[in-house]
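Given next are the chains, with one letter for each unit.
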Amino acid sequence: MFGYIIVNKPEMKFKEFDVYHGYYCGLCKKLKEHYGKIGQMTLSYDMTFLVMMLTSLYEPQTVQGMTKCVAHPFQEHPTRINEITDYAAHMNVLLSYYKCRDDWEDEKKKKQLLMSKALYRKCGFSKNFYREKWKKIECILRKLSEEEKKDNLDLDYMSGMFGQIMAEIMLYQRDEWEELLVRFGFYLGKFVYLMDAYEDIEEDRKNGTYNPFRKMYEEPDFEERCHTILTMMMAECSKAFEQLPLIDHIEILRNILYSGVWYRYEKVRSKREEKKGEEYDGSI
């Protein structure tokens, strides 16, 4: 369930994208430092957003530097790294491990099985240092898997469990911002879970795999209802976001929340409407 919390690049200023990319490259560097090349393979824009948001809230000392990487071996890129980058790297690998394991259990993808085993061998530090988070997230994911096997189609309940996971990830430390961060993460997680289901509904129906939208998809107002539900999730998420005292990088963060997160949705919806149009033309 990665790849939804992204920027809308065309609507960003060049300087803003350079800052964003600096945090992205910084996270990549920390993933390699803690987990090697296998860690770098889990790099996600989602966790880059986590770094930037928590950095804006807590204002840790951020070190700017330059680095080269496998993807760009001949050109140095700017990096921005702080203590939250380390935290995000650990959380990124934690979520990636469980996603790979989930993909193996659901679809028997051997590549994901091998990836999950490789990540688990690398997770000694984070599994011990963030023991409580590991236990809590593992417990929720186990329950989520059980409910999916029962074919539970309660959208609020199912998405709420993934919301709890994102709330736990977002909670960097317990302080006066805990309530807002938990609420923000909860609704962001619900959005991601439902957006993932919305994108996969056709493939899941074809393969006979679980999807909470299975029944709703058969209704004539499916698209409108999905859009309404997703909009409600982001509205609650944004409400908590705007109450946090964020100053640095606020325009980049708003670009992601108010525009970027809808990129995949618009792409999927447009593709479906185009497909239906072609089918309609072919039936005439």
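One structure accompanies this document, and this report is about it. (Residues numbered from 1 in each chain as written. Predicted model: local features only at pLDDT ≥ 70, side-chain atom pairs only at ≥ 80, totals over all residues. Heavy atoms only, no water.)

Here the focus is the overall build of the protein chain. The helix and strand tally for the protein chain stands at 11 helices and two strands. Sequence-ordered secondary structure for the protein chain, helices as α and strands as β, is α-α-β-β-α-α-α-α-α-α-α-α-α. Its C-alpha atoms give the protein chain a radius of gyration of 19 Å, within 12% of the compact-globule value 19 Å for 284 residues. If you line up the protein chain on its principal axes, its C-alpha atoms span 60 × 45 × 40 Å. Relative to its 284 residues, the protein chain shows a buried fraction of 52%. Across the protein chain, contacts joining residues at least 24 apart in sequence account for 69% of those joining residues at least 6 apart. Total accessible area computed for the protein chain in this model is approximately 15100 Å², and 51% of it derives from carbon and sulfur atoms. For the protein chain, the centre of its 44 positive side-chain charges and the centre of its 48 negative side-chain charges are spaced 7 Å apart. (Helix = DSSP H or I, 4+ residues; strand = E, 2+ residues; numbered from the N terminus. Rg over C-alpha atoms; globule rule 2.2 N^0.38 Å. Buried < 20%, exposed > 50% of the residue type's maximum accessible area, 1.4 Å probe, protein only. Contact = heavy atoms within 4.5 Å. Areas by Shrake-Rupley, 256 points an atom, 1.4 Å probe, with all protein chains shown as cover. Lys, Arg positive; Asp, Glu negative; His and termini not counted. Charge placed at Lys NZ, Arg CZ, Asp CG, Glu CD.)

With that settled, the discussion passes to a positive patch on the surface. On the surface, Lys-206, Lys-267, Lys-271 and Lys-275 cluster together into a positively charged patch. When residues of the positive patch are assigned to their parent elements, the largest contribution, three residues, is made by helix α11 (residues 263–283). Considering the arrangement of structural elements, one finds Lys-275 in helix α11. For Lys-275, a relative accessible area of 44% puts it in the partly exposed group. (Patch = residues over 30% accessible without salt bridge, like charges linked within 9 Å, V, L, I, M, F, W, Y side chains within 5 Å. Salt bridge = Lys/Arg side-chain N within 4 Å of Asp/Glu carboxyl O.)

Take helix α2 (residues 45–58) next. For α2, which comprises 14 residues, the first-to-last C-alpha distance of 20 Å matches the rise-based estimate of 20 Å (1.5 Å per residue) to within 8%. Burial analysis of α2 places 12 of its 14 residues in the buried class, which makes it a mostly covered element. The complete set of buried residues in α2 reads Asp-46, Met-47, Thr-48, Phe-49, Leu-50, Val-51, Met-52, Met-53, Leu-54, Thr-55, Ser-56 and Leu-57. Downstream of α2 by one or two residues, Glu-59 has phi in the positive range, about 50°. (Expected span 1.5 Å × (residues − 1).)

On to unusual backbone geometry, then. Most peptide bonds take the trans form, and the phi angle of most residues other than glycine is negative. Phi angles above zero are rare outside glycine, and Glu-59 is one such case at about 50°. Tracing the backbone shows Glu-59 in the loop between α2 and β1 (63–67). Its identity as a non-glycine residue notwithstanding, Asp-151 has a phi of 60°, on the positive side. Along the chain, Asp-151 falls in the loop between α6 (131–149) and α7 (155–170).

This paragraph deals with the pattern of salt bridges. Opposite charge on two side chains lets them pair, provided their charged atoms get close. Taken as a whole and assessed by the stated rule, the structure comprises 19 salt bridges. Taking the shortest distance from any N to any O, the salt bridge between Asp-86 and Lys-30 comes out at 3.4 Å. Of this pair, Asp-86 sits in helix α3 (residues 83–107) while Lys-30 sits in helix α1 (residues 14–40); the two residues are 56 residues apart in sequence, bridging distant segments of the chain. On the basis of relative accessibility, which here comes to 19%, the residue Asp-86 falls in the buried class. Residue classification places Lys-30 among the buried positions, given a relative accessible area of 12%. One salt bridge connects Lys-143 with Glu-147, and the closest N-O pair in it is separated by 3.2 Å. Of the two residues, Lys-143 and Glu-147 both sit in helix α6, four residues apart, roughly one turn of that helix. Using a relative accessible area of 8% as the deciding quantity, one classes Glu-147 as buried. Members of the salt-bridge network, linked through shared partners, are Glu-202, Glu-223, Glu-224, Arg-269, Arg-272 and Glu-273.

Of all hydrophobic cores here, the largest spans 87 residues; its most connected members are Phe-49, Met-53, Phe-184, Leu-188 and Phe-213. Ranked by residues supplied to this core, first place goes to helix α8 (residues 178–207) with 12 residues. Here Phe-49 is in contact with Ile-5, Phe-184, Leu-188, Leu-253, Ile-256 and Leu-257, once residues within four sequence places are set aside. (Core = buried A, V, L, I, M, F, W, Y, C linked by side-chain atoms within 4.5 Å.)

Here the focus is the packing of α6 against α7. Contact geometry for α6 and α7: axes closest at 10 Å, N-to-C directions at 165°. The angle between α6 and α7 falls in the class roughly antiparallel. With respect to the hand of their crossing, α6 and α7 are arranged in left-handed fashion. Residue-level inspection shows Lys-133, Lys-136, Ile-137, Ile-140, Leu-141, Lys-143, Leu-144, Glu-147 and Glu-148 of α6 in contact with α7, the latter providing Tyr-157, Met-158, Met-161, Gln-164, Ile-165, Glu-168 and Ile-169. Across the contact of α6 with α7, the residue classes tally to nine nonpolar, one polar and six charged. (Axes fitted to C-alpha atoms, helices over the stretch in contact; angles between N-to-C directions. Parallel < 35°, antiparallel > 145°, perpendicular 65-115°, else oblique. Left-handed = near helix turned anticlockwise from the far one by under 90°. Nonpolar A, V, L, I, M, F, W, Y, C, P; charged D, E, K, R; others polar.)

A few words on α6. Under the 1.5 Å per step criterion, the end-to-end length of α6 is 27 Å for 19 residues, consistent within 8% with the ideal 27 Å. Downstream of α6 by one or two residues, Asp-151 has phi in the positive range, about 60°.

Glancing now at the packing of aromatic side chains. Taken as a whole and judged by the stated rule, the model has 20 aromatic pairs. With centroids separated by 6.1 Å and ring planes inclined at 25°, the aromatic side chains of Phe-49 and Phe-184 adopt a geometry described as stacked. A residue pair is termed long-range when its members are at least 10 positions apart, and Phe-49 in helix α2 and Phe-184 in helix α8 qualify at 135 residues. Since its relative accessible area comes to 1%, Phe-49 is described here as buried. Overall, the relative accessible area of 0% leaves Phe-184 in the buried class. Taking 6.1 Å as the distance between ring centres and 35° as the angle between the ring planes, the aromatic pair formed by Phe-184 and Phe-241 counts as tilted. With Phe-184 in helix α8 and Phe-241 in helix α9 (residues 222–243), this pair connects stretches of sequence that are 57 residues apart. (Phe/Tyr/Trp six-rings, centres within 6.5 Å; stacked < 30°, edge-to-face > 60°.)

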